[in-house]
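# Notes for the structure review
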Amino acid sequence: MASLTIGIEQLEVGMYVLQIAEQKAGTVQVKNRGRVTSQAIIDQLKRKGIKRLIIDTDLSSHATKPKACEQTQPELDTHVPLQAELAKAQSLYQQGIVLQKKLYDAAQDGTPFDDFVPAEFARALVGSLDRNPDALLLLSRIREKDTYLLEHSLNVGILSAHFARSLRMSQPEIEAAAYSGLLHDLGKIKIPDEILHKPGRLTENEMDVMKKHVEYGVDFLSAMKLDESLIRVVSEHHERLDGLGYPKRLSGEEISYNGRILAITDMYDALTADRCYKAGMPSQKALQILMKDSESKLDATLLQQFIKCMGIYPLGSLVELSNQRVAMVMHQNERQPLRPVVKMFYSISGGHYITPKDVDLSKDLKLNIAKAITPTEYNIDINRFFKESIMV
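For clarity, every value in this text was computed on a predicted model and none was experimentally measured.

### Let's talk about the side chain of Glu-175
Inspection of the secondary structure puts Glu-175 in helix 6 (residues 171-183). Ignoring any residue separated from it by four or fewer positions in sequence, one finds Glu-175 in contact with Arg-47, Ala-122, Arg-123 and Val-126.

So this is what it looks like as structure tokens:
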């Protein structure tokens with residue numbers, strides 16, 4: 001075997017990567033050696049700050065199409081601890097709120113925006129998820145009731161990208177999933193507040209007005225001359241497989257794969273989010289509703305994959321333990337999904353906060369999760385807990 005160290009700018013499709021030689025930060029490693037089969041892999045390495053790599057010159061070639069027996073690609077293993085990524089992710093999340101405000105203002109006024117900015121932000125979201133997905137997933141659970149519209153679009157972008165990653169979609173497809181989530185509800189800025197924020201059930205006439213938000217958003221994005229495939233996905237997030245969705249009442253195969261993904265992530269976040277007039281529901285209840293809709297409205301196969309992606313107890317959700325403690329889910333145990341890593345912080349019997357303690361339920365078999373809960377059930381200030389005990 002003959003090896004050679006090269007700079008990232010010298011890396012080409014067809015080369016066989018053995019390991020990372022130098023990088024800017026973090027501890028990215030090549031988990032599986034393999035041939036670089038696309039420019040997307042090179043772009044991903046660059047985004048992760050890789051500066052130099054070691055290649056096998058005997059196995060390397062400049063062929064753009066590898067042989068059938070050489071389909072193995074270098075798989076990156078990103079080892080960035082949660083605490084190392086949280087500060088970056090929090091800054092990114094706040095940038096996202098500011099960006100969402102600008103996008104909604106642009107949609108309200110009908111003024112164009114620089115497509116490069118949100119597209120680059122979508123790439124940054126994916127970069128954070130690549131480094132450690134737990135950080136943004138945790139942040140997406142911390143809600144401010146008065147900024148639901150902005151947070152919802154940002155969270156749907158995060159969820160869509162995370163889901164696309166779990167489906168092993170290509171890097172451009174993952175970034176497009178994030179971007180469609182960021183843009184999907186822009187048309188709601190045109191809906192009157194008394195309808196948009198109405199606590200009770202909408203009347204038939206009010207629902208007709210609400211449904212127009214998809215059309216408003218699509219018209220605005222079309223005027224911006226954004227990519228047609230992106231606009232199509234945005235236009236489909238309320239379509240349903242049984243043909244009873246809106247605005248075009250598409251059915252079955254008429255709805256794109258990415259449109260089906262967006263329908264799931266949009267509905268999940270809407271059900272679990274706090275609003276000014278109601279508290280969000282526990283993730284398990286939301287997933288049960290989605291499961292019921294998968295019988296005719298949502299893609300059943302994709303929904304099963306989404307549940308596997310999010311976990312039975314999603315990151316950042318609250319659970320009641322068998323010892324009368326409330327805990328936040330901090331990390332999934334893939335082999336034991338019912339026994340995640342949690343952080344205990346509240347005594348139910350005592351009605352007070354306690355010193356936070358991390359517990360791996362896959363190892364501490366004396367404890368079990370009794371049920372999923374919401375912060376309002378015990379009047380818990382989850383934002384305060386997160387800032388004082390997680391962001392440290």
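That covers the picture; the talk isn't over yet.
### Some points on the packing of aromatic side chains
In this description, a pair of aromatic rings is defined by centroid distance and the angle of the planes. Tallying each qualifying case throughout the model produces six aromatic pairs. Here the aromatic rings of Phe-113 and Phe-220 are separated by 5.9 Å at their centres, their planes lie at 40°, and the arrangement is tilted. Residue Phe-113 is located in the loop between helix 2 (82-109) and helix 3 (116-131), and its partner Phe-220 is located in helix 8 (residues 204-223); the two are separated by 107 residues in the primary sequence. The exposure class assigned to Phe-113 is buried, which follows from its relative accessible area of 13%. Note on Tyr-268 and Phe-306: the rings are 5.3 Å apart at their centroids and 75° apart in plane angle, and the pair reads as edge-to-face. Taken together, the residues Tyr-268 in helix 10 (residues 257-272) and Phe-306 in helix 12 (residues 300-310) connect sequence positions 38 residues apart. One exposure class covers both Tyr-268 and Phe-306, and it is buried. An aromatic cluster is built from Phe-345, Tyr-346, Tyr-353 and Phe-385, whose rings are joined through pairwise contacts. Here the basic side chain of Arg-384 rests over the ring of Tyr-353, its NZ or CZ set 5.6 Å away from the ring centre.

### Quick word on the nonpolar core
Residues Phe-113, Leu-136, Leu-183, Leu-221, Leu-226, Met-328 and Phe-345 are the most contacted members of the largest nonpolar core, which totals 86 residues. Take this core: its biggest share by element is 11 residues, from helix 2. Setting aside its immediate chain neighbours within four residues, Met-328 contacts Leu-138, Gly-316, Ser-317, Leu-318, Val-341, Val-342, Lys-343, Phe-345, Ile-382, Phe-385 and Phe-386.

### Here we look at empty space enclosed by the protein
Counting across every chain of the model gives three cavities of 30 Å³ or more. In this structure, the largest cavity is lined by 16 residues; those nearest its centre are Arg-141, Arg-143, Thr-272, Asp-274 and Pro-375. Taken together, the residues of the lining of the largest cavity break down into seven nonpolar, six polar and three charged. Approximately 70 Å³ is the volume attributed to the second largest cavity. Leu-137, Ser-140, Arg-141, Arg-143, Asn-155, Leu-159, Tyr-268, Asp-269, Thr-272, Met-310, Pro-314 and Leu-315 together form the lining of the second largest cavity. Those elements that place two or more of their residues in the lining of the second largest cavity are helix 5 (148-166) and helix 10.

What counts and what doesn't
- Each chain has its residues counted from 1, running along the sequence as written.
- The model is predicted, so local features are restricted to residues of pLDDT at least 70 and side-chain atom pairs to those at 80 or more, both for listing and for counting; the totals for chains, interfaces and linings are taken over all residues.
- The side-chain figures draw on all heavy atoms in the structure; neither hydrogens nor water molecules are used.
- Secondary structure elements follow DSSP: runs of H or I of four or more residues count as helices, runs of E of two or more count as strands, with numbering from the N terminus.
- By the convention used here, residues are in contact when the closest approach between their heavy atoms is within 4.5 Å.
- Aromatic rings from Phe, Tyr and Trp, with only the six-membered ring used for Trp, were paired whenever their centres fell within 6.5 Å, and each pair was classed as stacked if the ring planes differed by under 30 degrees, edge-to-face if by over 60, and tilted otherwise.
- Partly exposed describes any residue whose relative accessible area lies between the buried limit of under 20% and the exposed limit of over 50%, with all areas from a 1.4 Å probe on protein chains only and scaled to the type maximum.
- Look at NZ for Lys and CZ for Arg. If either is within 6 Å of the ring centre and within 35 degrees of the ring normal, a charge sits over the ring.
- Here, nonpolar core means buried Ala, Val, Leu, Ile, Met, Phe, Trp, Tyr and Cys residues that are tied together by side-chain atoms lying within 4.5 Å of each other.
- Here a cavity means grid points, on a 1 Å grid over the protein atoms only, where a 1.4 Å probe fits yet cannot get out; a pocket means an open set of points with protein on both sides within 12 Å along at least five of seven lines; lining residues are those with an atom within 4 Å of a point.
- Grid points are joined across faces, edges and corners, and a volume is the space filled by probe spheres set on the points.
- Think of it as three bins: nonpolar holds Ala, Val, Leu, Ile, Met, Phe, Trp, Tyr, Cys and Pro, charged holds Asp, Glu, Lys and Arg, and polar takes everything else, Gly as well.

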